[in-house]
Amino acid sequence: GGVRARRRPLHALGSFGDARAVGSSPVANEVAFTSEERLALKLRLQVGWRETLGSADGVVSAHQALVTAGQLQLSEPQVAAAAELARLPPALGEAREKRRAWEGQQDGLTAQATAVSSRNQAVREKAAAWKGDGWIKGRPSTPSAPAVVGPMCWLALGRPPPMEPAGVYVHGSVGSGKSTLMDLFCLFGLKGWRVRRQHFHEFSLWLHESLHALGGPRASSSGSSSSTPRKHVLARLVDQLAEDTDALCLDEFAITNVADAAIFAEVLRLLAQRHVAVVCTTNRPPEDLYKDGLHRERYVPALVQHFRGSFLVSAVSGVDYRTEMLRSERSALGTAAGAAAPKRVFFEGGSPDDALSTALPSEAARLVPGGIKVSWGRALPVPGMAEGTARFHFDNLCRRPLAAEDFLHVALRFHTIFVHSVPRLSLEEHNEARRFTNLVDALYEHSARLILHSEVPLGEVLRSVEALTQACADDGHDADKLGLFETMYDDQPNLQIQIKELGGREKYQELQERRLAEEQRATARHLGRLVAPEAVQGTTGSGWSSSPAASDLSAPDQGVAGVMVAAVGSLQESGFAARRAVSRLKEMQTMPYLESAQRRRETMC
């Protein structure tokens, strides 16, 4: 077929071009920020930041300049992590030089072998043309050396030289500055390199859409499978990525199902082979990725070994700087006479309409029902929208089968989002909580203004779900003890009899799992959380993962908790996501964040 036109990836920073929307349907009102400006907004840098930090040469000096200017607090773990990040560009340059030298030697050996092969081929052709001129003269000899097929480098040179280190893995507690360090690294530490900085959900969306386009595992409409061998699709995808990317930076890296563990283990290995540096930030050390998850032992150990063996691993811990920012700002407002308080954006109790009128007096009357396209070409109804502003009930976004990539489209389409009637979420509602945290992540990532109306104090909305970080069998905090599941059958007195009657322990376990799935579906229907399929129109997923694209654990047919009891690792990720969302919600009330949101709004309008 012809050459497929590829869209520019979201947040691709290579030439600092305009950010583009992802998904099968372009977002009509795209953000017109350049990638440098996007990062400046995320770092809450003031207008004129180029004059303040323009002389910064690398992530270490940029971090020091912000500390000196009072925009960041001095943190030794952050300083150490910045030093680790600073090692990556020289390592990338050295690896590319070694690769070029290796390829030069490869070309030389291949040229020599090709010349010998050409001479031998000429002799073969002469021998083939011999017709027996005279009975005394014998037949010409034929060379026994085989013809050269492809490059000969691996015979004499061995494997291509590896990149050491292949990347940096930064982990730590919520609000400790991991994303800030990554943004500084992208803005100041990779000058001259083509860098692609994305939230992990955004990269997952691109990955799964690309897998689908390249010929994923789903069968065609005729019933036959794709003609493209599946084992080569990931290699082709990584080749495309490496064509215009030298460094890939993924914020909030997380593994929530075994399918994505398998995919990302292979993708990271292939990126290292192609000398594409990778930077990841996450709340967990490598050993805790998808901890206690279902079938974790199949693929996650290879991922952990890759991180520990090829990456620089740096821990960043300490206070939650977002919480400190809000506390310091409120303290300063309380002591400064005549200080202007930030406009109120979070409301507790009362009427949602009153909250909307208070926060958006001019826009409230203009909001009319509409809809937008989200991932995979689906349609999402919007109860009220106008000029970059949207209004949603909590149930419109968080009790419907929406994945993380759907919220990215919401964040790209609107600069101001009003969400009302947010309830206190219980442990059983961690599916809804995970969607809510995905929404917060998307809006925070794009510096969107969130106006929130909750039925309870904001600190109470996700407090119960944060306990899921303790869902660990090793510590005795399993899903049952956290109250996520109820047992309707007590088969222990007859255990041995049932095993014997069923013909083995495997059959008994299969029956138990089937019973549990039936119980979960019945309970979910009773609680009213199985949403009608027409709630969001269109198909979902690339077919490569059990959870579409970003794995938000929100498939409506997965039971009460959205996952099986054995998938405790997925429950833990919901707990960490809740902690992160609480921290980000605090920053989203501060003056620096609201100023960044206003700058984005001015650019979109």
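Source: prediction; values computed, not measured.

Cut-offs applied
- Residues numbered from 1 in each chain as written.
- Predicted model: local features only at pLDDT ≥ 70, side-chain atom pairs only at ≥ 80, totals over all residues.
- Heavy atoms only, no water.
- Buried < 20%, exposed > 50% of the residue type's maximum accessible area, 1.4 Å probe, protein only.
- Helix = DSSP H or I, 4+ residues; strand = E, 2+ residues; numbered from the N terminus.
- Pairing = 2+ DSSP bridges.
- Axes fitted to C-alpha atoms, helices over the stretch in contact; angles between N-to-C directions.
- Contact = heavy atoms within 4.5 Å.
- Disulfide = S-S within 2.5 Å.
- Left-handed = near helix turned anticlockwise from the far one by under 90°.
- Nonpolar A, V, L, I, M, F, W, Y, C, P; charged D, E, K, R; others polar.
- Expected span 1.5 Å × (residues − 1).
- Salt bridge = Lys/Arg side-chain N within 4 Å of Asp/Glu carboxyl O.

A. Seen up close, the pairing of strand β2 (residues 195–199). Of all five residues that make up β2, five are buried, and the element is covered over most of its length. Burial along β2 is two-sided: V195, R197 and H199 and R196 and Q198, pointing in opposite directions, are all buried. Across five bridges, the pairing between β2 and strand β3 (residues 247–251) is parallel. Residue pairing in the sheet places H199 in a bridge with D251 of β3.

B. Broad picture of the sheet that holds strand β4 (residues 277–282). Pairing is parallel across the open sheet formed by five strands, whose spatial order is β2-β3-β4-β1-β5. Edge positions in the sheet fall to β2 and β5 (311–316), since each has one partner strand and no second. Neighbouring strand axes in the sheet, compared pairwise and without regard to direction, differ in orientation by 10° on average. Sheet analysis places β3 next to β4, joined by four bridges and oriented parallel. Looking at the pairing, L248 lines up with V278 of β4. The sheet strands contacting helix α5 (residues 88–129) are β1 (167–172) and β4, and the helix crosses β4 at an angle near 155°.

C. Highlighting the state of the cysteines. Throughout the structure, instances matching the rule amount to zero disulfides. The thiol of C280 is unpaired, and the distance to the nearest cysteine sulfur, on C249, comes to 8.7 Å. Overall, C280 belongs to the buried group, its relative accessible area being 0%.

D. Inspection of the packing of helix α10 (residues 258–273) against helix α11 (residues 296–310) at higher detail. Closest axis-to-axis distance for the α10/α11 pair is 8 Å, and the angle between their directions is 35°. Pair α10 / α11 crosses with left-handed handedness. The segment α10 lies against α11, with V258, A261, A262, F264, A265, L268, R269 and A272 engaging Y299, V300, L303, H306 and F307. Grouping the constituent residues of the contact of α10 with α11 by class yields 11 nonpolar, one polar and one charged.

E. Just helix α8 (residues 200–215), in detail. For α8, which comprises 16 residues, the first-to-last C-alpha distance of 22 Å matches the rise-based estimate of 22 Å (1.5 Å per residue) to within 8%. For α8, the tally of buried residues reaches 14 of 16 residues, placing the bulk of the element in the interior.

F. Focus on the pairing of β1. Within β1, six of the six residues are buried, which leaves the element mostly enclosed by the surrounding structure. Residues G167, Y169 and H171 point to one face of β1 and V168, V170 and G172 to the other, with burial holding for every one of them. Direction of pairing for β1 relative to β4: parallel, over a ladder of five bridges. The residue of β4 that forms the bridge with V170 is T281. Inspection of the sheet shows β1 paired to β5 by six bridges, in the parallel sense. Bridge assignment links V168 to a residue of β5, and that residue is L312.

G. Main features of the pattern of salt bridges. For the structure shown, the criterion picks out 32 salt bridges. Salt-bridge contacts for D246 lead to R194; the nearest nitrogen and oxygen are separated by 3.0 Å. With a gap of 52 residues between them, D246 in the loop between α9 (230–243) and β3 and R194 in the loop between α7 (178–189) and β2 connect regions that are remote in the sequence. Relative accessible area serves as the criterion here: at 4%, D246 is assigned to the buried category. Classification of R194 by relative accessible area gives partly exposed; the value is 30%. One salt bridge in this structure joins R463 and E460, with 2.8 Å as the shortest N-O distance. By sharing partners, the salt bridges in this structure join K42, D183, R197, D251, E252, D441, E445, R580 and R584 into a single network.

All we've got here are geometric facts, nothing functional implied.
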